[in-house]
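# Structure at a glance
Residues per chain, in single letters:
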Amino acid sequence: MYKKVKETHVFISVFCCSLARVSTKWVDRTLQRKKLQEVLIQLNAVKVTLQHSEQQLSTPPMDIEDCCCLSALECYRANLHVQFNTTERHHRQLSRSLKNHLTKSGLCDSQKANSSCQDCASHPKENATEFFNRLQSLIQKGIDRLSMI
């Protein structure tokens, strides 16, 4: 009898721990998705004010691989910081959000820098409209990926 009770307690403990891990992962994914949705709203606010800019910006390609996601994200953030006035409220919010850990983990499965990724300055220069469209696409892909999980 004692052995059966002990096995039952072990089973319940293992089950509860597994449930807690699944629950925590679900919460993490939900927070990441909400952060990316917030970033998308911030991006749209900035995009409206800057999309007609004549600036040419180093722009990562549309089909960025996950292993280079972090370097692409940093390239977008660095361009925003250097090329545009980040003292404006919406620009500051977007810049902060792009370096937020929830944004990074929501967009990129791989959280390690990859030395084989293209340097930001070596990406082709595109106009501001294309720059913002590609950043928007990257963020939307992250939202879509998190929504499927």
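Residues numbered from 1 in each chain as written. Predicted model: local features only at pLDDT ≥ 70, side-chain atom pairs only at ≥ 80, totals over all residues. Heavy atoms only, no water.

## A look at the confidence of the model for the protein chain
In regions of low pLDDT, the predicted coordinates are not meant to be interpreted in detail. Heads up, the condition is: Note: pLDDT gives the predictor's confidence per residue, expressed from 0 to 100. Note on contacts: a residue pair qualifies if any of its non-hydrogen atoms lie within 4.5 Å across the two residues.
Within the protein chain, residue pLDDT values average 82, and 77% of them lie at 70 or more. In this model, residues 18-22 is a region of pLDDT below 50 whose contacts with residues beyond four sequence positions or in other chains number zero contacts.

## Things to note about the nonpolar core
Where we set the bar: Here, nonpolar core refers to any group of buried Ala, Val, Leu, Ile, Met, Phe, Trp, Tyr and Cys residues whose side-chain atoms link them within 4.5 Å. A simple rule labels every residue: compare its accessible area, found with a 1.4 Å probe on the protein chains alone, to the largest value its type can have, and call it buried under 20%, exposed over 50%, or partly exposed in between. Going along the chain from the N terminus, every DSSP run of H or I of four or more residues is numbered as a helix, and every run of E of two or more is numbered as a strand.
If you look at the biggest cluster of nonpolar residues, it comprises 25 residues, and the most contacted ones within it are Leu80, Phe132 and Ile139. Mapped by element, the contributors of at least two residues to this core are helix 1 (2-50), helix 2 (69-83), helix 3 (89-98) and helix 5 (128-148). For this core, the element with the most residues is helix 5, which contributes eight residues. When neighbours within four sequence positions are excluded, Ile139 is seen to be in contact with Leu36, Val39, Leu40, Leu43 and Leu107.

## Here's the deal with the packing of helix 2 against helix 5
Stated formally: With axes taken as lines fitted to C-alpha atoms, and helix axes fitted only over the stretch in contact, angles between N-to-C directions fall between 0 and 180 degrees. Angular relationships are summarised with four words: roughly parallel below 35 degrees, roughly antiparallel beyond 145, roughly perpendicular across 65 to 115, and oblique for the angles in between. Rotating anticlockwise by less than a right angle from the far helix to the near helix defines a left-handed crossing, while the corresponding clockwise rotation defines a right-handed one. Residue polarity follows a fixed list, in which Ala, Val, Leu, Ile, Met, Phe, Trp, Tyr, Cys and Pro are nonpolar, Asp, Glu, Lys and Arg are charged, and the others, Gly among them, are polar.
Packing of helix 2 against helix 5 brings their axes to within 11 Å, and their N-to-C directions diverge by 140°. By the angle between their directions, the pair helix 2 and helix 5 is classed as oblique. Viewed along their axes, helix 2 and helix 5 form a crossing whose handedness is left-handed. Judged by residue contacts, Tyr76, Asn79 and Leu80 of helix 2 engage Phe131, Phe132, Arg134, Leu135 and Leu138 from helix 5. Residue composition of the contact of helix 2 with helix 5, grouped by class: six nonpolar, one polar and one charged.

## Regarding the state of the cysteines
Rules: Disulfides are defined in this document as cysteine sulfur pairs within 2.5 Å.
Within the structure shown, the criterion is met by three disulfides. The disulfide partner of Cys68 is Cys117, and the S-S distance across this bridge is 2.2 Å. Handedness here is read from the sign of the S-S torsion; for Cys68 and Cys117, about -95°, the answer is left-handed. With Cys68 in the loop between strand 1 (56-58) and helix 2 and Cys117 in the loop between helix 4 (101-107) and strand 2 (125-127), this pair connects stretches of sequence that are 49 residues apart. Residues Cys68 and Cys117 agree in their burial class; the two are buried. Through a disulfide, Cys75 is tied to Cys120; the S-S separation comes to 2.0 Å. Around the S-S axis, the bridge from Cys75 to Cys120 shows a dihedral of about 65° and counts as right-handed.

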